[in-house]
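Observations on chain architecture
So the chains spell out like this:
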Amino acid sequence: MMGAFNKRITGWEWLGAAAVLILLVLLPFVASSFQLRLAQQVLLFGGVALAWSLLGGFTQYWSFGHAAFFGLGAFTAGLLAQALGHGISGPVKLLLGLALAALINFAVAAVMAMPVLRLRGTYFAIAMLALAQVLGEVSKTFDIFQGSMGFVLQRIAVPGLNSVQTFYLLFLLFAVANVAIFVWVKRSRIGMGLTCVGQDEDTAAMLGIPTERYKLLAFVLSAVLTSIGGVLYAYSLAFITTDTVFRIDISLNLILFSMVGGLGTVAGPFIGAAIMIFITQVVLGGLLHLHFLVTGAILVFIVIAAPTGIIGLRNRLPGLARRATGSEART
Amino acid sequence: MNGVILAQTLVDGLILGGIFALSAAGFSLIFGVLGIINLAHGIFVLIGAYIGLAIGRETGIDPLAALPITVIVLYVGGYLLQRTLVAAAVRRGSLMSSLLITFGISLMLRDLILLAFGPNVQTLSSSWLLPTLHWGSVLIDGARATGLIASLVLLGLLSFLLYRTKLGRAMRATAQEDFAAGLCGIDVDNVYASTFGLSAAFAGASGIIIGLINPFVPSDDNYWTLNAFVVVVLGGVGSPMGALLGGLLLGAISTFSSQYVGSLYPNVFIFGTLFLMLILRPNGLLGSAYKGSV
Amino acid sequence: MSILSLEGVGKRFAGLRVIDGISFEVTERSITSIVGPNGAGKSTLFNIISGYLKPTEGRVAFRGETITGLAPYHICRRGIARAFQISKPFPELSLRENVLVAANFGRAGERDVDTVTHQALDICNLRPVAAQQARTLSIGNLRRLEIARAIAARPLLLLADEPCAGLNDTETRELSEVLLRIRDSGITVLLVEHDLKAVRSVSDRVIVIEAGRQIADGTADEVFADQAVIDAYLGVPMT
């Protein structure tokens with residue numbers, strides 16, 4: 001939540017963004033498989049965190065249960081793939097899965113929006129947490145959803161690319177699409193309206209901002225994009241259960257990535273995801289059992305010491321700003 | 001409907017409810033006095049159970065006898081946690097920051113439990129349990145009955161603390177209006193920390209009782225946090241009576257849904273209830289006992 | 001030419017008559033003030049005009065069309081803006097951004113947002129502090145921000161709710177000038193104010209209400225010399 005509204009995107013920013021994009025497209029042909037797996041996660045979860053930010057980045061409506069949409073997307077795609085049987089090729093199944101997941105999440109989010117968006121602050125957060133838990137439990141306990149046994153998804157193979165490269169590029173596409181949508185929302189009247197909702201919802205309504213409509217729009221869009229991330233994730237794993245997608249730590253990580261990087265910024269969730277994934281999987285790669293300890297400590301530290309995230313820190317230290325003026329950061 | 005099954009379900013529900021009530025009383029207290037949703041609550045419950053386990057292993061002391069030690073350890077731990085991290089989050093001003101801080105604390109503590117005890121399922125056993133009773137054809141499990149009695153005694157103690165002692169009065173005054181309480185000479189920071197300590201202590205005590213009845217694993221903490229939230233949402237914020245009412249209702253919902261709908265998914269009903277209550281009556285069935293909910 | 005007219009507007013809360021048979025017309029491009037003791041019904045009247053309350057009887061018409069009972073949002077879109085006594089800015093946004101938001105939303109229709117924002121800031125003398133964060137402002141600036149935001153919504157009629165309350169003499173004088181500039185820019189102003197010196201210096205017309213009834217209506221000089229007004233409200237004649 002910073003900077004002036006409708007600030008022009010400068011030529012340098014376009015250039016920087018293009019340079020980053022080219023590097024990201026070339027990466028799968030130079031990086032090792034391990035490095036590429038890390039980059040995959042940064043793009044996917046950074047992208048989903050950006051989808052979370054469509055509502056949470058501007059307003060105080062912080063969903064603690066976005067795993068609900070993520071998991072719903074993954075399960076929709078999985079169950080659909082199973083229902084379609086083996087006669088249909090993987091890519092077609094993937095596309096159909098994306099379409100159906102988007103549709104179902106659109107419907108679910110639109111129905112949920114009215115009651116949950118009436119709740120403010122912490123109540124909204126807990127209601128979303130409960131929603132994710134309910135969906136997770138339902139997927140696990142009712143046999144038709146097969147959540148406890150899980151199901152296998154067909155491998156997507158593209159000639160000339162291995163599986164890691166393929167999904168890396170898919171996740172990149174997903175991330176780029178989310179960046180485009182986020183930038184569009186942020187620079188539109190909707191972004192301005194949502195920022196005002198984040199500051200003082202009653203005053204925003206009084207000034208003629210259609211707060212209910214904007215909140216609904218951001219919530220539904222956020223849910224649909226998150227579910228698309230869930231579908232892609234499911235296909236990249238090729239095998240999912242309730243415990244791989246309806247995970248409370250996925251919900252939490254979306255918030256954490258956004259906070260570490262900088263709330264309400266475009267680059268923030270990706271920077272946050274990169275830092276957190278680097279710390280947990282490279283620095284602590286051999287110490288799996290310390291992940292939660294470190295994640296928790298970083299969360300506590302960020303809230304107390306740097307609530308505006310890395311980008312916020314940069315803005316507070318103008319000296320650093322010159323050197324670090326990055327690519328897609330400021331829009 | 002079979003009368004015996006109905007009576008048995010009711011009895012089971014009430015017993016479970018009493019224990020739920022104790023497990024949620026501390027959560028409710030923090031919510032009422034500090035206005036914070038403590039996402040580390042469930043981990044406090046579990047820490048109680050694990051302390052009981054550790055004491056039993058090292059010294060052979062019965063978990064119920066270890067209860068006072070657990071209470072003291074958690075009181076001190078909760079007090080210090082509030083004074084340091086949680087107070088810093090509250091100073092940050094936003095409700096979200098306290099939610100995030102307590103979530104971060106729960107992650108760290110859960111990992112520490114994992115490091116100390118491993119991921120396996122654990123149980124507590126006590127030689128002080130009541131024998132299983134038969135009341136007509138209705139069966140009252142000894143462990144559960146013991147747990148219920150201990151829970152009611154502890155809830156009574158909490159009521160006494162809140163309504164009959166100086167600290168309790170200070171806590172209630174602070175809950176109503178912290179600024180004015182400060183002007184009246186109440187050390188508000190100390191009240192906040194004491195509330196947190198007391199809440200952790202009662203959560204830990206309930207952990208021992210829960211450990212006697214159910215097996216537990218380190219990842220149960222979210223369940224107990226959300227469970228406490230449901231109790232508070234059902235019964236209202238802040239008072240032990242509200243917690244008791246909410247606990248009994250939740251116990252009944254839990255046992256009736258497993259008896260008559262399906263034993264596999266009581267959690268679906270518990271979290272479903274939470275979700276519905278938030279949407280329909282976010283201040284609880286009775287409204288809030290202390291200051292208006294956020 | 002009248003822009004707003006009230007015809008026999010009354011409001012009862014559970015049998016208690018708060019206002020009763022209020023009728024007046026507000027002339028376009030004028031400043032009309034409503035004064036009266038506390039509890040006379042001034043705020044109720046404002047709430048009725050801006051749509052927060054529905055009158056129990058009577059009609060409110062804006063530019064010839066009945067607006068009685070419309071929602072605040074619709075009334076705002078038609079061109080009635082309200083500046084509250086207790087201003088609630090968006091604290092993290094700069095003053096300019098606060099005004100910009102109102103210019104972007106507010107009354108329906110085409111506009112050049114930047115021009116509207118600049119004009120509103122100029123009229124309210126806020127240009128020098130436009131880059132400041134709203135939460136750092138003094139009460140005088142905050143009050144003018146509230147008004148700037150209201151006029152950036154490009155209303156035809158501005159309802160100003162005790163804009164001078166709590167301000168010192170300098171700030172009050174500055175605010176009076178702001179109100180005159182707003183009128184001169186073509187916006188009609190309806191003012192509720194306790195500071196009678198300010199009322200006298202800006203008003204084209206003053207309406208006095210007491211206990212829910214209209215007891216005087218005229219120019220400031222006429223009204224403040226009226227014996228009924230002196231008895232009911234002023235106590236002693238104004239000097």
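Residues numbered from 1 in each chain as written. Chains lettered and ligands numbered in written order. Predicted model: local features only at pLDDT ≥ 70, side-chain atom pairs only at ≥ 80, totals over all residues. Heavy atoms only, no water.

What follows concerns the nonpolar core. Counting residues in each nonpolar core, the largest one holds 248 residues, and the members touching the most others are F64(A), F219(A), F44(B) and V101(C). The biggest single contributor to this core is helix 1 (residues 3-34) of chain B, with 15 residues. Sequence-distant contacts of F219(A), defined by excluding residues within four places in its chain, comprise L55(A), F69(A), A109(A), M112(A), A113(A), V116(A), L117(A), F124(A) and M128(A). Counting residues in hydrophobic clusters, the runner-up holds 25 residues, among them I34(C), V60(C), F62(C) and L157(C). (Core = buried A, V, L, I, M, F, W, Y, C linked by side-chain atoms within 4.5 Å. Buried < 20%, exposed > 50% of the residue type's maximum accessible area, 1.4 Å probe, protein only. Helix = DSSP H or I, 4+ residues; strand = E, 2+ residues; numbered from the N terminus. Contact = heavy atoms within 4.5 Å.)

For the rest of this paragraph, the subject is the interface of chain B and chain A. Contacts between the two partners involve 38 residues from chain B, matched on the other side by 40 residues from chain A. Taking both partners together, chain B and chain A bury about 3,700 Å²; carbon and sulfur atoms supply 82% of that area. Contact with chain A buries area across many residues of chain B, yet M96(B), L100(B) and F275(B) alone supply 19% of it, more than any other trio. Viewed at the interface, chain A and chain B are joined by zero salt bridges. Inspection of the chain B/chain A interface yields two residue pairs in polar contact (both at pLDDT 80 or more). (Buried area = accessible area lost by both parts, 1.4 Å probe. Salt bridge = Lys/Arg side-chain N within 4 Å of Asp/Glu carboxyl O. Polar contact = N/O pair within 3.5 Å; in protein donor to acceptor, adjacent residues only side chain to side chain.)

For the two pairs of chains in contact, the maximum contact count is reached by chains A and B. Considering only C-alpha positions, the minimal separation of the non-contacting chain B and chain C is 14 Å.

Moving on to the packing of aromatic side chains. The geometry of an aromatic ring pair comes down to the distance between the two centres and the angle between the two planes. The tally for this structure, following the rule as stated, stands at 25 aromatic pairs over all chains. Centroid distance F45(A) to Y233(A): 5.4 Å. Interplanar angle 70°. Geometry classified as edge-to-face. One end of the pair, F45(A), is in helix 2 (residues 33-56); the other, Y233(A), is in helix 9 (residues 211-237), and 188 residues separate them in sequence. Residue class for Y233(A) comes out buried when judged on its relative accessible area of 12%. By way of ring pairs, the aromatic residues Y61(A), F69(A), F124(A) and F219(A) are connected into one cluster. A cation sits over an aromatic face here: R189(A) above F105(C), 4.5 Å from the ring centre. Over the ring of F90(C) we find R149(C), and its NZ or CZ is 5.2 Å from the ring centre. (Phe/Tyr/Trp six-rings, centres within 6.5 Å; stacked < 30°, edge-to-face > 60°. Lys NZ or Arg CZ within 6 Å of the ring centre and 35° of its normal.)

Okay, the confidence of the model for chain A next. Detailed conclusions should not be drawn from predicted coordinates in areas where pLDDT is low. All names here are of chain A. Of the residues in chain A, 93% reach a pLDDT of 70 or more, and the chain-wide mean stands at 87. Mean pLDDT values for the elements of chain A range from 43 in helix 15 (residues 318-324) up to 96 in helix 9. Counted against residues more than four places away or in other chains, residues 318-331, with its pLDDT under 50, gives 24 contacts. (pLDDT = per-residue confidence, 0-100.)

This brings us to the pairing of strand 7 (residues 157-161) of chain C. Residues and elements named next belong to chain C. Burial within strand 7 is extensive, with five of its five residues counted as buried. Neither face of strand 7 is open: one carries L157, L159 and D161, the other L158 and A160, and all of them are buried. With four bridges joining them, strand 6 (residues 80-83) and strand 7 adopt parallel strand pairing. Note that in strand 7 the partner of R82 across the bridge is L159. (Pairing = 2+ DSSP bridges.)

What follows deals with the side chain of Q146(A). All names here are of chain A. Tracing the backbone shows Q146 in the loop between helix 5 (121-141) and strand 1 (151-152). Looking at Q146, its side chain comes within polar contact range of the side chain of Q82, at 2.7 Å. Leaving out residues up to four positions away in the same chain, Q146 has contacts with L79, Q82, S139 and F151.

Residue and element names in this part refer to chain C. One open sheet accounts for six strands, arranged 6-7-8-3-9-10; its pairing is mixed. This sheet does not close on itself; its edge strands, each paired only once, are strand 6 and strand 10 (213-218). Averaged over all adjacent pairs, the angle separating strand axes in this sheet is 20°, with direction ignored. Where strand 7 meets strand 8 (residues 188-192), five bridges bridge the pair, whose relative direction is parallel. Looking across to strand 8, one finds that L159 is bridged to L190. (Axes fitted to C-alpha atoms, helices over the stretch in contact; angles between N-to-C directions.)

Next up on the list: the pattern of salt bridges. Residues and elements named next belong to chain A. On inspection of all chains with the given rule, the structure shows 20 salt bridges over all chains. The partner of D243 in a salt bridge is K140, with the nearest N and O atoms 3.5 Å apart. Of this pair, D243 sits in helix 10 (residues 242-245) while K140 sits in helix 5, placing them 103 residues apart in sequence. Assessed through its relative accessible area of 48%, D243 is described here as partly exposed.

Take the environment of A131(C) next. Residues and elements named next belong to chain C. Within the fold, A131 resides in the loop between helix 4 (113-123) and helix 5 (139-152). For A131, a relative accessible area of 71% puts it in the exposed group. Spatially, the C-alpha atom of A131 lies 6.1 Å from that of L95, the residues being 36 residues apart in sequence.

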